[in-house]
Amino acid sequence: MTVLTDSYGRRIKSMRLSITDRCNFRCVYCMPAEGLPWLPKADILTYEELARVARVAVGMGVEQLRLTGGEPLVRRDVPELVRMLHAIPGLRSLSLTTNGTRLPQLAAPLAAAGLTRINVSLDTLIPHKFFQLTRRDALDSVLAGLAALEAFPQITPIKVNAVAMRGFTEDEVLAFAALARRKPYVIRWIEFMPLDADGIWRKEDILTGAEILAIIEAQYGPMVRITGGDAAETARRYRFPDGVGEVGFINPVSEPFCATCDRIRLTAEGGLRTCLFSHEETDLRATLRDGGSDDDLAAAIRAAVWHKELKHHINDGQFTRTQRSMSMIGG
Ligand code: SAM
Ligand code: SF4
């Protein structure tokens, strides 16, 4: 096997598969309140097509797969897809990013199918703020979904991801910190990125990981940095001084990690993206549906990866937004 490497020497080990553009939420940092018509079903990759691309990618050295969307759990029979992916030889980690609403019903079948990791998105613990942000009244079902996961220790860690936004997040930092100590959840704040459909993102809206850490340390004292592990780890991880609980910060804007990026993404309709902010995609669906062989798929993936972007340009004058917003990419 020749490993998948880009022209800057970065080895690709992680692939995100968006399995639907649909969602039962309308988060303000992601989707518009209305509109954004769903893709026709025929345009979306089937589970067989997704598993085929994944198998080829794993054969090229991809070790981690993450299912995302849209909301992946609104697609039918996701445990069946998990079962198909779990069977791929050489795969080390199979994870899912979800808004959590369907976990009360799906935690058990997902665990049985071989899911090993999960990220649940949750930005606030206050019902009216939850409604303001997601435009849905569903906080209880997300909390129930998180609680349902606790019965399945084979899915670990349970990560809770919160998008950090100035003026929204600060007054709940300590409530989330307390949650990280009370429950077996790793809370991670991620900086707001210019990927919302409404174009509301402003640099001033970013609340940095450093600012959130300062709020936590003012309450608990100096946090203990957890180092080592994977060089491509995007989160800066910290334990509380007494050893109870872990939090993390994903700081793509204030501390970009492009230099160690090991990720590629597949959109729900089979577009291979080598950066969240890519302006171009490689159409793997065409290769799949025009009778291309596994070697053809591998060649298309290798060629796309070779041109992987050096970095995002959010912090310099060259930045232009991509046409797609987050739910259409697969975050
Ligand atoms: N629907 C699922 C969910 O919300 O977890 C999966 C898809 S969602 C696009 C994936 C992740 O992207 C979520 O954690 C969400 O909070 C995050 N996200 C969406 N828009 C974002 C933005 N503009 N900046 C930073 N993170 C964003
Ligand atoms: Fe849906 Fe996830 Fe986007 Fe929220 S962040 S609108 S839950 S895809």
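As shown above, the structure is provided for reference.
How each quantity is defined
- Residues numbered from 1 in each chain as written.
- Chains lettered and ligands numbered in written order.
- Predicted model: local features only at pLDDT ≥ 70, side-chain atom pairs only at ≥ 80, totals over all residues.
- Heavy atoms only, no water.
- Helix = DSSP H or I, 4+ residues; strand = E, 2+ residues; numbered from the N terminus.
- Axes fitted to C-alpha atoms, helices over the stretch in contact; angles between N-to-C directions.
- Parallel < 35°, antiparallel > 145°, perpendicular 65-115°, else oblique.
- Left-handed = near helix turned anticlockwise from the far one by under 90°.
- Contact = heavy atoms within 4.5 Å.
- Near = heavy atom within 4 Å.
- Polar contact = N/O pair within 3.5 Å; in protein donor to acceptor, adjacent residues only side chain to side chain.
- Areas by Shrake-Rupley, 256 points an atom, 1.4 Å probe, with all protein chains shown as cover.
- Nonpolar A, V, L, I, M, F, W, Y, C, P; charged D, E, K, R; others polar.
- Buried < 20%, exposed > 50% of the residue type's maximum accessible area, 1.4 Å probe, protein only.
- Right-handed = clockwise from strand over helix to strand, strands pointing away.
- Lys, Arg positive; Asp, Glu negative; His and termini not counted.
- Salt bridge = Lys/Arg side-chain N within 4 Å of Asp/Glu carboxyl O.
- Core = buried A, V, L, I, M, F, W, Y, C linked by side-chain atoms within 4.5 Å.
- Arc of directions from axis to C-beta.

Trainee: Please give an account of unusual backbone geometry that cites residues and values.
Mentor: Looking along the chain, the bond that leaves Thr-156 and enters Pro-157 is cis, with omega of 0°. In this fold, Pro-157 is placed in the loop between helix H5 (139-149) and strand S5 (158-164). Backbone geometry places Leu-36, a non-glycine residue, at a positive phi of 55°. Among the secondary structure elements, Leu-36 is positioned in the loop between strand S1 (14-18) and helix H1 (47-59).

Trainee: Any chance you could break down the packing of H1 against helix H2 (residues 78-86) for me, citing the residues and the numbers?
Mentor: Contact pair H1 / H2: the axes reach a minimum separation of 10 Å and the direction vectors enclose 30°. Considering their axes alone, H1 and H2 lie roughly parallel with respect to each other. The hand of the H1/H2 crossing is right-handed. Taken together, the residues of H2 that come into contact with H1 (itself represented by Tyr-47, Glu-48, Leu-50, Ala-51 and Ala-54) are Val-78, Leu-81, Met-84 and Leu-85.

Trainee: Please give an account of the site of ligand 1 that cites residues and values.
Mentor: Neighbouring residues of ligand 1: 17 residues in total, closest Tyr-29, Gly-70, Glu-71, Ser-121 and Met-193. A distance of 2.9 Å separates a nitrogen atom of ligand 1 from a polar backbone atom of Tyr-29. Met-193 has a polar backbone atom sitting 2.9 Å from a nitrogen atom of ligand 1. When ligand 1 is considered free in solution it has 540 Å² of accessible area, and contact with the protein chains removes 94% of it. Along the lines of polarity and charge, the residues of the shell around ligand 1 split into 7 nonpolar, 8 polar and 2 charged.

Trainee: An account of the pairing of S5 is needed here, citing residue identities and associated values.
Mentor: Judged by how many residues are buried, S5 sits mostly within the fold: 7 of 7 residues are covered. The alternating pattern of S5 places Ile-158, Val-160, Ala-162 and Ala-164 and Lys-159, Asn-161 and Val-163 on opposite faces, both of which are buried. The parallel pair S5 and strand S6 (residues 185-191), bridged by helix H6 (residues 173-182), forms a crossover whose chirality is right-handed.

Trainee: Requested: an account of the side chain of Arg-16, with residues and values cited.
Mentor: Mapped onto the elements, Arg-16 comes out in strand S1. Asp-262 is the oppositely charged side chain nearest to the buried, salt-bridge-free Arg-16, at an N-O distance of 7.2 Å. Not counting residues within four places of it along the chain, the set of residues in contact with Arg-16 comprises Arg-66, Thr-68, Arg-263, Ile-264, Arg-265, Leu-266 and Gly-331.

Trainee: Requested: an account of the site of ligand 2, with residues and values cited.
Mentor: Cys-23, Phe-25, Cys-27, Tyr-29, Cys-30, Met-31, Gly-70 and Asn-99 make up every residue found near ligand 2. Of the residues in the shell around ligand 2, the class split is 6 nonpolar, 2 polar and no charged.

Trainee: Explain the nonpolar core to me, using residue names and the numbers behind them.
Mentor: Residues Met-15, Leu-65, Leu-85, Trp-189, Ile-216 and Val-247 are the most contacted members of the largest nonpolar core, which totals 105 residues. Top element by residues in this core is H1. It accounts for 8 residues. In contact with Val-247, not counting residues within four places along its chain, are Ala-180, Ile-187, Trp-189, Ile-216, Met-223, Arg-236, Arg-237, Tyr-238 and Phe-240.

Trainee: Account for H5, naming residues and giving values.
Mentor: Looking only at H5, the buried set comprises Leu-139, Val-142, Gly-145, Leu-146 and Leu-149. What you see down the axis of H5 is that its buried residues fit within an arc of 125°, all on one side. Where H5 is buried, its residues touch helix H3 (103-113), strand S4 (117-121), helix H4 (127-134), S5 and S6.

Trainee: Summarise the pattern of salt bridges; cite the residues concerned and give the values.
Mentor: In total, this model carries 20 salt bridges according to the counting rule given. The residue Asp-171 makes a salt bridge to Lys-129 at a minimum N-O spacing of 3.1 Å. In this pair, Asp-171 sits in the loop between S5 and H6 while Lys-129 sits in helix H4, placing the two residues 42 residues apart along the sequence. The exposed category is assigned to Asp-171, whose relative accessible area is 61%. On the accessibility criterion, Lys-129 (8% relative accessible area) is buried. Lys-129 is paired through a salt bridge with Glu-172; the nearest N and O atoms lie 2.8 Å apart. Separated by 43 residues along the polypeptide, Lys-129 in helix H4 and Glu-172 in the loop between S5 and H6 bring together distant segments of the chain.

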